[in-house]
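Below are the chains, spelled out letter by letter.
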Amino acid sequence: MSKEIYENPDLKKERQNCPFNKEEITHLLDGGKEKTIERKQLENYILSDEQLKDAVPMEYLSHADKYAEELRKACLLMHKLADSPAGQVPTLRALMGAGLGSAVLKEGNPLALHYVMFIPALMGQGTIDQQAKWLEKAYNLNMIGTYAQTELGHGTFLRGLETRATYDPKTQEFILESPSLTAYKWWPGSLGKTANYAVVMAQLYTKGKCEGTHPFMVQLRDEETHEPLPGIVNMWLNPVCISSYIHYGTYVKPTNSKLSYATMVFVRVVVCQDVTTNLRKAVTIATRYSCVRRQSELKPGDREPQVMDYQAQQNKLLPPLAATFAFQLAADHLWNLYHTANNNIEQGDLELLPDLHGLSCALKALCSSEAANFVEVCRQSCGGHGYMSCSNFPRIYGQVTAAETYEGENTVLWLQVARYLVKTRKEQSGGLSVKYLIGEEKGPKTVDTTLEGIVKLYRRAAVGLVDVAIAELDKSGRKGEAPHDAWNHAAVYLIKAAQAHARLFVVESFVDSLKEGKLSAPVRTVLSQLCELFIIYWLLERSGDFFLCSNLTKQDLLLLNSKYVELLAAIRPQAVNLVDSFDLRDEVLNSPLGCWDGNVYQRLFDEAAKSPLNQSNVHESFHKYLKPLLKSNL
Ligand SMILES: CCCCCCCCCCCCCCC/C=C/C(=O)SCCNC(=O)CCNC(=O)[C@H](O)C(C)(C)COP(=O)(O)OP(=O)(O)OC[C@H]1O[C@@H](n2cnc3c(N)ncnc32)[C@H](O)[C@@H]1OP(=O)(O)O
Ligand SMILES: Cc1cc2nc3c(=O)[nH]c(=O)nc-3n(C[C@H](O)[C@H](O)[C@H](O)COP(=O)(O)OP(=O)(O)OC[C@H]3O[C@@H](n4cnc5c(N)ncnc54)[C@H](O)[C@@H]3O)c2cc1C
């Protein structure tokens with residue numbers, strides 16, 4: 001007799017009479033029906049393997065045992081990758097995109113940097129010969145690499161990196177050295193125990209002149225014994241300059257000195273997708289739990305309501321739900337720009353490089369910071385159970401908040417965006433993604449609160465805040481301040497302008513995607529509601545920017561507030577159906593709060609029972625410490 005599949009009655013009710021085709025949204029997010037099929041096949045291929053499951057919850061293992069267990073699974077995962085029926089690279093890309101890695105490797109993937117930075121660095125910066133020598137070896141996992149750039153003393157300021165690579169024309173070799181403690185490479189993933197090679201960013205010195213930071217391939221460990229090579233601690237020998245600019249002893253400048261930063265640009269683009277995947281998990285967990293959890297009293301004398309029926313809870317969870325669609329569509333746009341720009345760069349056309357740099361910095365900073373804030377709101381919306389390690393919120397939060405720092409600390413990236421915006425506005429040139437900065441915003445300054453009208457408000461804020469920042473810079477200049485001081489004293493305005501630009505890009509991506517997309521009427525309706533909710537939410541959160549740069553009035557704001565709460569109520573009935581459309585398996589959510597069947601309390605209880613402390617009634621420490629204390633009559 002087939003076992004009755006339990007489904008929490010409240011969740012079951014939430015799923016009845018869904019007015020739209022959930023699969024249509026799943027296909028939209030996956031990039032098409034075929035991609036969904038491929039993803040589901042990959043999920044079955046990976047998640048059905050019993051050897052990839054944790055014998056005990058990772059949180060109960062020692063640091064060394066956690067590392068060993070993650071490495072065991074990561075190596076098994078690589079074998080599965082190599083044997084994958086879909087092929088290694090498509091499977092890897094699907095693995096990265098679907099957030100599957102963290103479903104299996106919960107504490108982090110010791111081999112992630114090999115794929116996310118080491119191989120991209122070879123592909124983006126290696127010469128044809130170097131790629132012929134190393135790429136196959138890297139794809140076949142005959143070498144494990146990392147990307148070693150950050151040092152104890154420098155992570156942000158790349159021109160300040162201390163590791164030196166001095167070219168010796170006699171031996172035609174580079175001598176790499178860490179001249180000081182602060183020059184020690186610090187932070188690179190896998191560097192400590194796993195990688196035996198690294199792409200090392202170092203200042204290239206030749207003929208006594210520093211030519212700036214360049215990437216070098218360095219072997220770190222013996223391929224057989226894995227012992228560090230002699231002198232590896234503070235002196236490295238025999239590195240090879242990747243995309244060598246040394247021709248017959250002479251340094252040949254690259255067409256653009258920032259091409260050596262290309263790997264970071266790639267990862268910033270990937271990070272936008274990764275934090276969006278993590279945000280989808282957090283929103284799914286919090287939404288399903290909020291429809292299972294009944295608490296307090298809404299109507300006196302009535303049954304305790306689902307906490308999702310409180311407008312306050314909808315205000316917590318529906319903006320992040322909408323954000324997952326907004327960030328996904330923006331990340332897709334950025335990914336397409338990345339490919340176009342990269343193909344052009346390979347042909348020697350660097351015109352899109354500034355746009356790519358500006359936009360990748362903007363979106364990485366925006367998506368990571370907003371996702372981190374939203375994940376924390378999702379955690380808080382689940383009360384005490386959201387605080388438990390098994391809820392998976394602590395791990396998801398750790399992953400998204402790390403992205404606010406790595407691959408370019410967000411503040412520093414905002415200032416890069418501002419530099420690009422100020423230059424584009426002042427020079428009135430270039431600016432593929434900031435076309436609104438070239439020429440004046442046409443049309444009346446009156447405000448209408450239609451979707452198009454709100455987008456126009458975002459554009460006015462984006463261009464207006466750049467002009468406010470430029471006015472500050474010019475004011476400082478007139479006072480005789482040096483440009484670097486004027487820049488520093490305008491930082492607050494510059495960052496606001498950069499953030500407004502990033503939000504405009506996300507808003508336009510969302511609105512344009514709905515216009516262009518071939519969507520059924522029911523899906524278009526619910527996504528349009530989410531789009532309108534999200535762009536009003538952000539406007540209300542940043543109303544100061546809009547008051548400063550447009551004719552927005554108090555009446556307009558009150559009208560938008562009313563529209564916002566109406567949209568909360570309109571979307572509330574579809575919250576569970578929308579997160580179901582993400583099609584995230586329980587193993588990927590890895591949280592008793594977010595499981596599809598809503599059997600929350602039993603799963604919480606089962607998780608607690610796994611704790612070593614719950615394997616006996618009295619822990620041995622009682623007899624060692626507590627009992628003597630109890631008897632000591634202090
Ligand atoms: C099988 C399992 C797979 C599992 C995978 C799972 C997926 C997971 C995905 C996510 C995981 C990601 C893990 C990543 C781990 C982290 C890695 C790292 O953190 S690596 C280190 C990152 N470090 C940084 O990002 C450093 C940040 N600093 C900088 O980039 C630079 O210092 C700076 C840009 C801030 C300043 O550079 P500087 O040389 O000082 O330039 P200027 O500011 O003077 O600007 C001069 C000029 O150059 C332009 N510019 C700057 N950078 C770029 C660039 N990258 N591209 C193009 N142009 C650039 C700038 O705009 C200026 O232009 P101008 O015309 O003169 O105005
Ligand atoms: C989880 C994780 C994984 C990582 N993995 C790697 C890796 O694999 N490989 C690698 O090379 N690195 C890695 N890193 C290092 C990471 O790239 C750096 O930490 C990051 O670039 C920030 O640099 P920093 O630590 O020097 O911060 P700092 O720049 O020292 O930041 C400190 C403060 O100074 C401020 N600040 C700095 N410069 C400016 C400025 N010009 N204007 C205004 N404010 C400024 C910052 O905003 C920040 O508030 C990793 C980091 C983390 C957290």
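Being a predicted model, the structure only gives us computed values, none of them experimental.

A word on the UniProt feature "domain: Acyl-CoA oxidase C-terminal" (unreviewed entry) in the protein
Summarizing the sequence annotation, UniProt attributes the feature "domain: Acyl-CoA oxidase C-terminal" (unreviewed entry) to residues 451-631 in the numbering used throughout. Taken as a whole, residues 451-631 contains 76% helix and 0% strand, while its terminal C-alpha atoms sit 72 Å from one another.

A few points about a positive patch on the surface
Together, R159, K258, R419 and K423 give the surface a local cluster of positive charge. Along the chain, K423 turns up in helix α13 (residues 410-427).

Notes on the pattern of salt bridges
It is possible for side chains of opposite charge to pair when their charged atoms get near one another. Within this structure, the stated rule accounts for 35 salt bridges. Here R72 and E69 are joined by a salt bridge, their closest N and O atoms 2.8 Å apart. With R72 and E69 both in helix α4 (residues 63-83) and three residues apart, this pair spans about one turn of that helix. For the salt bridge of E211 with K209, the shortest nitrogen-to-oxygen distance reads 3.3 Å. Residue E211 is classed as buried on the basis of its relative accessible area of 14%. Residues participating in the shared-partner salt-bridge network are E7, R15, K22, R288 and D580.

Re empty space enclosed by the protein
Applying the stated criterion across every chain yields a total of two cavities of 30 Å³ or more. In this structure, the largest cavity occupies an estimated 60 Å³ of space. Along the walls of the largest cavity sit S102, A103, K106, N278, K281, N392, R395, I396, Q399, V588 and N590, which together make up its complete lining. By residue number, the principal contributor to the lining of the largest cavity is helix α12 (residues 393-402), which donates three residues. A volume near 30 Å³ is recorded for the second largest cavity. Of all the secondary structure elements, the ones that give two or more residues to the lining of the second largest cavity are α14 (451-478), α16 (491-516) and α18 (543-549). Element by element, the count of residues in the lining of the second largest cavity is highest for α16, at three residues.

A few points about the packing of helix α10 (residues 311-346) against helix α19 (residues 554-571)
With their axes 10 Å apart at the nearest point, α10 and α19 run at an angle of 85° to one another. Overall, the two elements α10 and α19 adopt an arrangement that is roughly perpendicular. When α10 is examined against α19, the residues Q311, Q314, N315, L318 and P319 are found in contact with a partner set consisting of Y564, V565, L568, A569 and I571. Looking at the contact of α10 with α19 residue by residue, the class counts come to seven nonpolar, three polar and no charged.

Points about the site of ligand 2
Near ligand 2, the surroundings consist of 17 residues, among which Y147, T150, G155, T156 and E409 are the closest. One of the side-chain N or O atoms of E409 is found 2.6 Å from an oxygen atom in ligand 2. Against a free-state accessible area of 970 Å², the protein chains account for coverage of 59% of ligand 2. Element by element, the count of residues in the shell around ligand 2 is highest for α13, at three residues. Here the residues of the shell around ligand 2 are counted per class, giving eight nonpolar, seven polar and two charged.

Here's the deal with the UniProt feature "binding site: FAD" (unreviewed entry) in the protein
The residues that UniProt annotates with the feature "binding site: FAD" (unreviewed entry) are T150 and G189. These annotated residues cover 40 residues of sequence, and their C-alpha atoms all fall within 10.5 Å of one another, placing them together at a single site. Structurally, T150 can be placed in the loop between β1 (145-148) and β2 (164-168). Residue class for T150 comes out partly exposed when judged on its relative accessible area of 24%. Each residue touching T150, except ones within four places of it in the same chain, is listed here: G155, Y184, K185, W186, W187 and P188. Classification of G189 by relative accessible area gives partly exposed; the value is 25%. Not counting the four nearest positions on each side in its chain, G189 is found in contact with L113 and T146.

So, the packing of aromatic side chains
Summed over all chains, the structure comprises 13 aromatic pairs. Consider the rings of F266 and Y338, whose centres lie 5.8 Å apart with planes at 50°: the pair is tilted. Of this pair, F266 sits in helix α9 (residues 262-292) while Y338 sits in helix α10; the two residues are 72 residues apart in sequence, bridging distant segments of the chain. Judged by centre distance (6.1 Å) and plane angle (80°), the ring pair of F327 and F534 falls under edge-to-face. Here F327 is found in helix α10, whereas its partner F534 is found in helix α17 (residues 521-541), with 207 residues between them in sequence. Like F534, F327 is buried. Each residue in the set F327, F374, F534, Y537, W538 and Y564 is aromatic and connected to the rest through ring pairs, giving one cluster. Sitting over the ring of Y205, R164 keeps its end group 3.8 Å from the ring centre. The residue whose ring lies beneath R280 is F582, and the NZ or CZ to ring-centre distance is 5.7 Å.

Side note on the site of ligand 1
The full set close to ligand 1 counts 32 residues, and T156, K258, Y261, R419 and K423 are the nearest of them. A distance of 2.8 Å separates an oxygen atom of ligand 1 from a polar side-chain atom of R268. One of the side-chain nitrogen or oxygen atoms of Q416 is found 2.8 Å away from an oxygen atom of ligand 1. About the coverage of ligand 1: the protein hides 84% of its 1,400 Å² of free accessible area. Elements with a minimum of two residues in the shell around ligand 1: α5 (88-97), α7 (112-125), α9, α11 (353-380) and α13. At six residues, the largest contribution of residues to the shell around ligand 1 is made by α9.

Procedures and definitions
Residues numbered from 1 in each chain as written. Chains lettered and ligands numbered in written order. Predicted model: local features only at pLDDT ≥ 70, side-chain atom pairs only at ≥ 80, totals over all residues. Heavy atoms only, no water. UniProt positions renumbered as here; feature names shortened; annotations may be inferred. Helix = DSSP H or I, 4+ residues; strand = E, 2+ residues; numbered from the N terminus. Patch = residues over 30% accessible without salt bridge, like charges linked within 9 Å, V, L, I, M, F, W, Y side chains within 5 Å. Areas by Shrake-Rupley, 256 points an atom, 1.4 Å probe, with all protein chains shown as cover. Salt bridge = Lys/Arg side-chain N within 4 Å of Asp/Glu carboxyl O. Lys, Arg positive; Asp, Glu negative; His and termini not counted. Charge placed at Lys NZ, Arg CZ, Asp CG, Glu CD. Buried < 20%, exposed > 50% of the residue type's maximum accessible area, 1.4 Å probe, protein only. 1 Å grid on protein atoms, 1.4 Å probe; cavity = no way out; pocket = protein on both sides within 12 Å on 5 of 7 lines; lining within 4 Å. Points joined across faces, edges and corners; volume = space filled by probe spheres on them. Axes fitted to C-alpha atoms, helices over the stretch in contact; angles between N-to-C directions. Parallel < 35°, antiparallel > 145°, perpendicular 65-115°, else oblique. Contact = heavy atoms within 4.5 Å. Nonpolar A, V, L, I, M, F, W, Y, C, P; charged D, E, K, R; others polar. Near = heavy atom within 4 Å. Polar contact = N/O pair within 3.5 Å; in protein donor to acceptor, adjacent residues only side chain to side chain. Phe/Tyr/Trp six-rings, centres within 6.5 Å; stacked < 30°, edge-to-face > 60°. Lys NZ or Arg CZ within 6 Å of the ring centre and 35° of its normal.

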